[in-house]
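One letter stands for each residue in the lines below.
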Amino acid sequence: MSGRRILRGMAATVTGVAVIALAGAGVAAGIAEPAPESSPVPPQEVNVGAAPLTLVCPPAPVVPTATSGQDLDYDAQFGTGGGVSALSSQVAVLGREGTPAEAVGGVVGTDGESVDAEGNLRLLTSSEAAPVQLVAQPSGQDTALAAGATLARSNTGDLRGLAAGSCTEPASSAWLVGGSTEPGSSARLTLANPGPTAVEVTAEAWGATGAIEDPQTVTVPAHDSAQVLLESVSQEPRLAVHLSVAGGNVAASIQDTVLNGLAPAGTGTVTSTSQPQRELTIGPAPVDTDAGSATLRLVNPGTKVATVAVDVLGAKGSTSLGGAQDLKIDPGTVADVALDGINTGQVSLAVDSDVPVTGSVVVARKGQPSQNDPAQRVQDRAWLPASTPAGHGVLPVVGTGNFVGSATIALTNTSEEKATVSLRPVGENGKAKDPVKVTVPAGSTTTVGKDLNLSGAVAVELTGDPVLASLTLHATPDSGPLIGLLAMTPDANTEQTVNVRLGRF
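Residues numbered from 1 in each chain as written. Predicted model: local features only at pLDDT ≥ 70, side-chain atom pairs only at ≥ 80, totals over all residues. Heavy atoms only, no water.

### Side note on the overall build of the chain
Consideration 1: Secondary structure summary: the chain contains 1 helix and 35 strands in total.
Consideration 2: Here the contacts in the chain between residues at least 6 apart in sequence split such that 79% fall between residues at least 24 apart.
Consideration 3: When the accessible area of the chain is evaluated, it comes to approximately 22900 Å², of which 50% is carbon and sulfur surface. (Helix = DSSP H or I, 4+ residues; strand = E, 2+ residues; numbered from the N terminus. Contact = heavy atoms within 4.5 Å. Areas by Shrake-Rupley, 256 points an atom, 1.4 Å probe, with all protein chains shown as cover.)

### Considering the layout of surface pockets
Consideration 1: Volume-wise, the largest pocket comes out at about 780 Å³.
Consideration 2: Thr-168, Glu-169, Ser-272, Thr-273 and Pro-490 are, among the 36 residues lining the largest pocket, the residues nearest its centre.
Consideration 3: Taken together, the elements giving at least two residues each to the lining of the largest pocket come down to β2 (53–57), β9 (145–154), β11 (173–177), β17 (251–260), β32 (457–475) and β34 (489–490).
Consideration 4: Taken together, the residues that form the lining of the largest pocket break down as 23 nonpolar, 11 polar and 2 charged. (1 Å grid on protein atoms, 1.4 Å probe; cavity = no way out; pocket = protein on both sides within 12 Å on 5 of 7 lines; lining within 4 Å. Points joined across faces, edges and corners; volume = space filled by probe spheres on them. Nonpolar A, V, L, I, M, F, W, Y, C, P; charged D, E, K, R; others polar.)

### Let's talk about the state of the cysteines
Consideration 1: Here the structure, examined in full by the defined rule, presents 1 disulfide.
Consideration 2: Two residues share a disulfide in this structure: Cys-57 and Cys-167, whose sulfurs sit 2.1 Å from each other. Across the disulfide from Cys-57 to Cys-167, rotation about the S-S bond amounts to roughly 95°, and the bridge is consequently right-handed. Taken as a pair, Cys-57 in strand β2 and Cys-167 in the loop between β10 (161–166) and β11 lie far apart in primary sequence, 110 residues in all. The two residues Cys-57 and Cys-167 agree in class, both being buried. (Disulfide = S-S within 2.5 Å. Buried < 20%, exposed > 50% of the residue type's maximum accessible area, 1.4 Å probe, protein only.)

### Examining the pattern of salt bridges
Consideration 1: Per the counting criterion, the structure on display carries 5 salt bridges.
Consideration 2: The closest approach of N and O atoms between Glu-461 and Arg-424, which form a salt bridge, is 2.3 Å. Of this pair, Glu-461 sits in strand β32 while Arg-424 is found in strand β29 (residues 419–427), placing the two residues 37 residues apart along the sequence. (Salt bridge = Lys/Arg side-chain N within 4 Å of Asp/Glu carboxyl O.)

### Digging into the pairing of strand β27 (residues 390–396)
Consideration 1: By the criterion of burial, β27 is predominantly enclosed, with 5 of the 7 residues buried.
Consideration 2: Looking at chain direction, β27 and β32 are connected through 6 bridges and run antiparallel. By the bridge assignment, Gly-393 is partnered in β32 with Leu-462.
Consideration 3: Of the strand pairs in this sheet, β27 and β34 are connected by 2 bridges, and their pairing is antiparallel. For Val-394, the partnering residue across the bridge sits in β34 and is Thr-489. (Pairing = 2+ DSSP bridges.)

### Notes on unusual backbone geometry
One can expect most non-glycine residues to show negative phi and most peptide bonds to be in trans.
Consideration 1: Here the amide bond leading from Gly-283 into Pro-284 is cis, since omega sits at -5°, within 30 degrees of zero.
Consideration 2: Relative to the assigned elements, Pro-284 resides in strand β19 (residues 277–287).
Consideration 3: For His-223, which is not glycine, the phi dihedral falls at a positive 50°.
Consideration 4: Among the secondary structure elements, His-223 is positioned in the loop between β14 (216–220) and β15 (224–229).

### Focus: the sheet that holds β14
Consideration 1: Read across the sheet, 4 strands follow the order β11-β16-β13-β14 without closing on themselves; strand pairing throughout is antiparallel. What marks the edges here is a single partner per strand, and that holds for β11 and β14. Taken over all neighbouring pairs, the strand axes of this sheet differ in orientation by 20° on average, direction set aside.
Consideration 2: Direction of pairing for strand β13 (residues 199–206) relative to strand β16 (residues 240–246): antiparallel, over a ladder of 7 bridges. Among the inter-strand pairings, Thr-202 is bridged to a residue of β16, identified as Ser-244. (Axes fitted to C-alpha atoms, helices over the stretch in contact; angles between N-to-C directions.)

### Considerations on the confidence of the model for the chain
Low pLDDT means the predicted atomic positions in that stretch should not be read closely.
Consideration 1: Here the chain averages 88 in pLDDT, and 84% of its residues register 70 or above.
Consideration 2: In the model, residues 1–32 has pLDDT below 50 throughout and makes 1 contact with residues more than four positions away in sequence or in other chains.
Consideration 3: A low-confidence stretch, residues 66–76 stays under pLDDT 50, and its non-local contacts, those more than four residues away or across chains, total 16 contacts. (pLDDT = per-residue confidence, 0-100.)

### Points about empty space enclosed by the protein
Leftover empty space is mapped by rolling, across the atoms, a probe with the size of a water molecule.
Consideration 1: All told, the structure shown has 8 cavities of 30 Å³ or more when counted by the stated rule.
Consideration 2: Volume-wise, the largest cavity comes out at about 110 Å³.
Consideration 3: Lining of the largest cavity is provided by 14 residues; of these, Ala-205, Ile-212, Gln-216, Leu-230 and Val-233 occupy positions nearest its centre.
Consideration 4: Residue contributions to the lining of the largest cavity peak at 3 residues, all from β13.
Consideration 5: Partitioned by chemical class, the residues of the lining of the largest cavity number 8 nonpolar, 3 polar and 3 charged.

### Side note on the side chain of Ser-234
Consideration 1: Relative to the helices and strands, Ser-234 is located in the loop between β15 and β16.
Consideration 2: Engagement of the side chain of Ser-234 in a polar contact is seen with the side chain of Glu-236, the distance being 3.1 Å.
Consideration 3: Not counting chain neighbours up to four residues away, the residues in contact with Ser-234 comprise Thr-181 and Ile-212. (Polar contact = N/O pair within 3.5 Å; in protein donor to acceptor, adjacent residues only side chain to side chain.)

### With respect to the packing of aromatic side chains
Consideration 1: Evaluated as defined, the whole model comprises 1 aromatic pair.
Consideration 2: Look at Trp-175 and Trp-206: their rings are 5.3 Å apart centre to centre, the planes differ by 20°, and that puts the pair in the stacked class. Placement of Trp-175 in strand β11 and of Trp-206 in strand β13 is noted, with a sequence separation of 31 residues between them. The two residues Trp-175 and Trp-206 agree in class, both being buried. (Phe/Tyr/Trp six-rings, centres within 6.5 Å; stacked < 30°, edge-to-face > 60°.)

### Considering the environment of Gly-480
Consideration 1: Mapping Gly-480 onto the fold places it in the loop between β32 and β33 (482–487).
Consideration 2: By relative accessible area, which is 5% here, Gly-480 ends up buried.
Consideration 3: Sequence-wise, Gly-480 and Lys-366 are 114 residues apart; in three dimensions their C-alpha atoms are separated by 7.0 Å.
Consideration 4: Sequence-distant contacts of Gly-480, defined by excluding residues within four places in its chain, comprise Arg-160, Gly-367, Gln-368 and Ala-475.

### Quick word on the sheet that holds strand β18 (residues 263–271)
Consideration 1: Spatial ordering of the open sheet is given by β15-β12-β17-β18, a layout of 4 strands whose pairing is antiparallel. The open sheet terminates on both sides in strands that have one partner only, identified here as β15 and β18. Put simply, the sheet's adjacent strands are angled 15° from each other on average, direction ignored.
Consideration 2: In the sheet, strand β12 (residues 185–193) pairs with β15 via 6 bridges, with the strands oriented antiparallel. Its bridge partner lying in β15, Asn-193 is registered against Asp-224.

Listed below in structure tokens is the structure:
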């Protein structure tokens, strides 16, 4: 082998080794040098759009009898005559900017009919005894602005009263605090299912001494409703019910009918109240202990004793309710707190508890001696559920100028700063009247005066600082005063966007 060939081979070998060495150095350098940090992609906000709004109104009251299909042996005091003499279910859809979007309404279980627009209003009215529903399409990117109520009046008989109940959105969970199932009382639970599938509803109930054993389960077919007489489950002087729904949503209400012997003691409608919480607000409600009683009802569904303090928010500000600053409510029980000693007028209640509770207020009005039992005076009753202050909502105005003599609006400011609220009545012709601005001092309740003209109004839109608002309905037949209460329905529109973040899965 020549020396030149040997040298050439050696050069090739050295060159190959150098290449391998350089490659290894490059890998090592890559390991030693950290990879550049990835910059996350900011989340993108996606508008998912508004959904249609469904409101379902309570049914008309009916006399509880043994023909109710539940094999109950009622005492003879029921069935003394006198049914509902006037009935109206009414839902108003207000335009946010112009004519509101389309809406369809009718009895639950029917196809319903299109609700015509008149100006900036679509108004559904019905005299059907069954639950009535309205489905309103979105207004642009917003949920429809709507509220409604069922109002039933009877001047005589077992159903004597002015039963007012708000139309509510179907939900998978609902609390109803009100009613009684002791002898002489009836609590008729209505479950309305406007959805396309059957649902199974489990009803848990609590009474004065504890939870009622064996929760009831009811199957409600699609586009249908079912009723349960709760006196068939247990006899309780004080009642609270929690509904859990599997497979969909229901709208629920309780017809509360009471007799004192043969004397009617009122028929009221109990609608859903706030979920149990530590801070609860209820009102405004008209308290007048000379004209009748007023009672706060609270349920403690938990396993620990609730220690409760109640403050009264009235015209002159906030004061403590005497005897209710260290109130103990046993676990799983329902307690009634008399509102005696409160100055006459519209008031709200602020409940502070160390464990979650919920509740409502019932107001009673005394009338003339009963024709069936002159030793007893007839009465009427009205329930108002707990609610949360809202800065935008609607009060339905039902029956004025027809079978309601007058209506009064009251506002409560639960905050520590003064609140300013604008109230805009809307007439049946869809035209809005001039808004009225009301200032409510901190921690107090204000009754709106004659500056607000409700003549011909079917709804009142409220905007401004968050407040509690209610409508008190009055009627005065020869037998004595009747009363109904409706709370403001908050604007159902909520944030319709979601944040979408890109990443590996």
